[in-house]
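Close look at the chain arrangement
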Amino acid sequence: RRGNIKGYYMGEKAKNIPPKESETGSFEERLKRLEEISEAIRGGEVELEKATSLFEEGIRLAQSLEKELSSVEGRIEKLVKAPSQPGEKPVLELFPELSASEE
């Protein structure tokens, strides 16, 4: 069964994709939306104009997800590198025991 939403021909899977309101949700919500967009475009049942619109939304979502991941990675690095006691030398690697065995 095929549907027609807002003037776009769409297959069953694609027509369940809600309009773009997803760029402000949680990380998990945005990632799920990106996966839905990817599936819809790959399904090949979305007209070119709608596929282009979904692609643009997907790019924005991917960029926001990447930015958030980079931020979290930076916070983790700060925590790992911070000395556990005053005067202690900071650890500059995530797994110093692994790099010591490689030398």
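Everything in this summary refers to the structure shown in the same document. (Residues numbered from 1 in each chain as written. Predicted model: local features only at pLDDT ≥ 70, side-chain atom pairs only at ≥ 80, totals over all residues. Heavy atoms only, no water.)

1. Quick look at a nonpolar patch on the surface
Taken together, the side chains of Ile41, Phe55 and Ile59 present a nonpolar region at the surface, about 260 Å² in accessible area. Secondary-structure assignment places Ile41 in helix H2 (residues 27-43). On the accessibility criterion, Ile41 (32% relative accessible area) is partly exposed. (Patch = residues over 30% accessible without salt bridge, like charges linked within 9 Å, V, L, I, M, F, W, Y side chains within 5 Å. Areas by Shrake-Rupley, 256 points an atom, 1.4 Å probe, with all protein chains shown as cover. Salt bridge = Lys/Arg side-chain N within 4 Å of Asp/Glu carboxyl O. Helix = DSSP H or I, 4+ residues; strand = E, 2+ residues; numbered from the N terminus. Buried < 20%, exposed > 50% of the residue type's maximum accessible area, 1.4 Å probe, protein only.)

2. Description of the nonpolar core
Core analysis: the biggest nonpolar cluster contains six residues, these being Ile37, Ala40, Val46, Ala51, Leu54 and Leu61. Those elements that place two or more of their residues in this core are H2 and helix H3 (48-81). Counting residues per element, this core draws most heavily on H3, which supplies three residues. Among all residues touching Ala51, those that are not within four sequence positions of it are Ile41 and Val46. (Core = buried A, V, L, I, M, F, W, Y, C linked by side-chain atoms within 4.5 Å. Contact = heavy atoms within 4.5 Å.)

3. A word on the pattern of salt bridges
Two side chains carrying opposite charge are able to pair once their charged atoms lie near each other. The full count for this structure, using the stated rule, is two salt bridges. Glu68 is the salt-bridge partner of Arg30, the closest N and O atoms lying 2.1 Å from each other. Separated by 38 residues along the polypeptide, Arg30 in helix H2 and Glu68 in helix H3 bring together distant segments of the chain. The buried category is assigned to Arg30, whose relative accessible area is 6%. The closest approach of N and O atoms between Arg33 and Glu57, which form a salt bridge, is 2.7 Å. With Arg33 in helix H2 and Glu57 in helix H3, this pair connects stretches of sequence that are 24 residues apart.

4. Section: H2
For H2, built from 17 residues, the straight-helix expectation of 24 Å at 1.5 Å per residue is met to within 8% by its first-to-last C-alpha distance of 24 Å. All buried positions along H2 are accounted for by Arg30, Arg33, Ile37 and Ala40. Along the axis of H2, the buried positions cluster into a sector of 85 degrees, meaning they face one direction only. In H2, the exposed positions that point more than 90 degrees away from the buried face belong to Glu28, Lys32, Arg42 and Gly43. Of the residues flanking the end of H2, it is Gly44, one or two places downstream, whose phi is positive at about 75 degrees. (Expected span 1.5 Å × (residues − 1). Arc of directions from axis to C-beta.)

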